[in-house]
Amino acid sequence: MSDTVERIKCLIIGSGPAGYTAAIYAARADMHPIMYTGMEPGGQLTTTTEVDNFPGYPEGIDGPAMMVDMQKQAERFGTQVRLGMVTEVQFNEEPGGIHKACIDNSTWVEAESVIISTGATAKYLGLPSEQRLRGGGVSACAVCDGFFYKNQDVAIVGGGDTAAEEATYLANICKKVTMLVRKDQMKASKAMQHRVTNTKNIDLRYNTVIDEVLGEQVVEGLRMVNNVTGEKEEIAITGLFIAIGHKPNTDIFKGQLEMDDMGYLITKGKSTKTNLPGVFASGDVQDKEYRQAVTAAGTGCMAALDAERYLSSVEELKENKVEADL
């Protein structure tokens, strides 16, 4: 590393509600944060149309517009928002140690503290018609978008606990929910399976997968196929929810930060502290339970406060050492 390597007081990796909230708090605390947005500036909300459940927007707001607002607010307090992706990290295990990050496989920066807000990516089926209609009726979050399909017919794909929970949630507000499970049984817990089977307006289809999502601009229907008999069937729906899991964006942190068997970063207690001093995690990268914009923003605030306190403690240790040496 040369003497010209940039030294950062607070590096924020990833944007979205968690990253931008962390940036707002860090900037107001004179931590001069620098954010690298990653491959998807603004995070998952940039693929969402109406956001109706974030406090402060009584009429709702378009997802990308909301992220622009958050970015402007972060920049107003002095955050530097940079396009670029952190492709490698070298974390220091010592309190007060300097962490290193490589940007776009070329430029290295040094940071006294790091806030990770890289989020998690929803898994999709990969069908061209599904991808084309994302934001036009195809969603990966029933809690976020289900309200827009009140008293309508919808479908959900998945057989785990999340799919079962979202199916029953949708059943409370939608006219009918068709649930597609690709195997001959659900992998959800027995309790969740009972909730699904005991809900009258959930039409549970085993051994069933999507052949094509129907509609040009918005979802109008679904062509399903039984993967045992090969029989195809079309139904009319206005919304399709994909609930086959998420993948946390943590590959570059493997071997350095503690994570669970799914790859989510593990934080200590009610804090955002990781197993390494000066490294904090916020948002969906460490939250597989709630995965909401408002909860991500909350942990972004926590991460900035944790980072501020950490830097203050490091400074205090340095001062005490200087006094002891005199």
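The structure displayed is predicted, hence computed values, not measured ones. (Residues numbered from 1 in each chain as written. Predicted model: local features only at pLDDT ≥ 70, side-chain atom pairs only at ≥ 80, totals over all residues. Heavy atoms only, no water.)

A few points about the pairing of strand 15 (residues 202-205)
Looking along a regular strand, one sees side chains alternate from face to face of the sheet. Across four bridges, strand 14 (residues 176-180) lies against strand 15 in parallel orientation. When the bridges of strand 15 are listed, Leu180 appears paired with Arg205. (Pairing = 2+ DSSP bridges. Helix = DSSP H or I, 4+ residues; strand = E, 2+ residues; numbered from the N terminus.)

Things to note about helix 5 (residues 161-173)
For helix 5, spanning 13 residues, the distance from its first C-alpha to its last is 19 Å, which sits close to the expected 18 Å at 1.5 Å a residue. Listed as buried for helix 5 are Ala163, Ala164, Glu166, Ala167, Thr168, Leu170, Ala171 and Ile173. Tucked into the core, helix 5 has its buried residues touching helix 4 (142-145), strand 13 (153-157), strand 14, helix 6 (190-197), strand 15 and strand 19 (239-242). (Expected span 1.5 Å × (residues − 1). Buried < 20%, exposed > 50% of the residue type's maximum accessible area, 1.4 Å probe, protein only. Contact = heavy atoms within 4.5 Å.)

Let's talk about the packing of helix 5 against helix 6
Running from amino to carboxyl end, helix 5 crosses helix 6 at an angle of 30 degrees, the nearest separation of the two axes being 9 Å. When the axis of helix 5 is compared with that of helix 6, the two are roughly parallel. Between helix 5 and helix 6 lies a crossing of left-handed hand. Contacts between helix 5 and helix 6 involve Asp161, Ala164, Glu165 and Thr168 from the former and Met192, Arg195 and Val196 from the latter. Across the contact of helix 5 with helix 6, the residue classes tally to three nonpolar, one polar and three charged. (Axes fitted to C-alpha atoms, helices over the stretch in contact; angles between N-to-C directions. Parallel < 35°, antiparallel > 145°, perpendicular 65-115°, else oblique. Left-handed = near helix turned anticlockwise from the far one by under 90°. Nonpolar A, V, L, I, M, F, W, Y, C, P; charged D, E, K, R; others polar.)

Digging into the state of the cysteines
One covalent bond between the sulfur atoms of two cysteine residues makes up a disulfide. One pass over the full model with this rule turns up one disulfide. The disulfide partner of Cys141 is Cys144, and the S-S distance across this bridge is 2.2 Å. Sign of the S-S torsion, about 70 degrees for the bond between Cys141 and Cys144, identifies this disulfide as right-handed. Judged by its relative accessible area of 24%, Cys144 falls in the partly exposed class. Lacking any disulfide linkage, Cys174 is separated from the closest cysteine sulfur, that of Cys141, by 13 Å. Using a relative accessible area of 5% as the deciding quantity, one classes Cys174 as buried. Here Cys301 stays unpaired: no disulfide links it, and the sulfur of Cys10, its closest cysteine neighbor, is 13 Å away. (Disulfide = S-S within 2.5 Å.)

Considering the sheet that holds strand 16 (residues 208-214)
An order of 16-17-18 is seen for the three strands of this open sheet, with the pairing classed as antiparallel. Looking at strand neighbours, the two that pair on one side only are strand 16 and strand 18 (232-236), the edges of this open sheet. On average, adjacent strands in this sheet sit at an angle of 25 degrees to one another, irrespective of strand direction. Pairing geometry for strand 16 and strand 17 (residues 221-226), over six bridges, is antiparallel. Bridge assignment links Thr208 to a residue of strand 17, and that residue is Asn226.

Topic: the environment of Ile24
Within the fold, Ile24 resides in helix 1 (residues 16-28). The class of Ile24 is buried, set by a relative accessible area of 11%. Spatially, the C-alpha atoms of Ile24 and Lys72 are 9.7 Å apart, while their sequence positions differ by 48 residues. Ignoring sequence-local partners within four residues, the contact set of Ile24 consists of Met70, Gln73, Ala74 and Phe77.

Focus: helix 6
Burial in helix 6 covers these residues: Met192, Gln193 and Val196. Angular distribution of buried residues about the axis of helix 6 spans 100 degrees; they occupy a single face of the element. Those residues of helix 6 that are exposed and angled more than 90 degrees off the buried face are Lys190 and Ala191. Packing partners of the buried residues in helix 6 comprise helix 5, strand 14 and strand 15. (Arc of directions from axis to C-beta.)

Regarding the sheet that holds strand 12 (residues 138-139)
Overall, parallel pairing links the five strands, which are arranged 12-19-13-14-15 in an open sheet. Two strands in the sheet have a free side with no partner beyond their single neighbour: strand 12 and strand 15.

As for the packing of aromatic side chains
With the rule as written, the count across this model stands at five aromatic pairs. Between Phe91 and Phe253 the ring centres are 6.1 Å apart and the planes differ by 15 degrees, which places this aromatic pair in the stacked class. With Phe91 in the loop between strand 7 (86-90) and strand 8 (99-103) and Phe253 in the loop between strand 20 (246-248) and strand 21 (279-281), this pair connects stretches of sequence that are 162 residues apart. This pair shows no difference in class: Phe91 is buried, exactly as Phe253 is. Summarising the aromatic geometry, the rings of Phe147 and Phe148 are spaced 6.3 Å apart at their centres and angled 75 degrees between planes, so their arrangement reads as edge-to-face. Arg28 extends its terminal NZ or CZ atom over the ring of Phe77, reaching a point 5.0 Å from the ring centre. (Phe/Tyr/Trp six-rings, centres within 6.5 Å; stacked < 30°, edge-to-face > 60°. Lys NZ or Arg CZ within 6 Å of the ring centre and 35° of its normal.)

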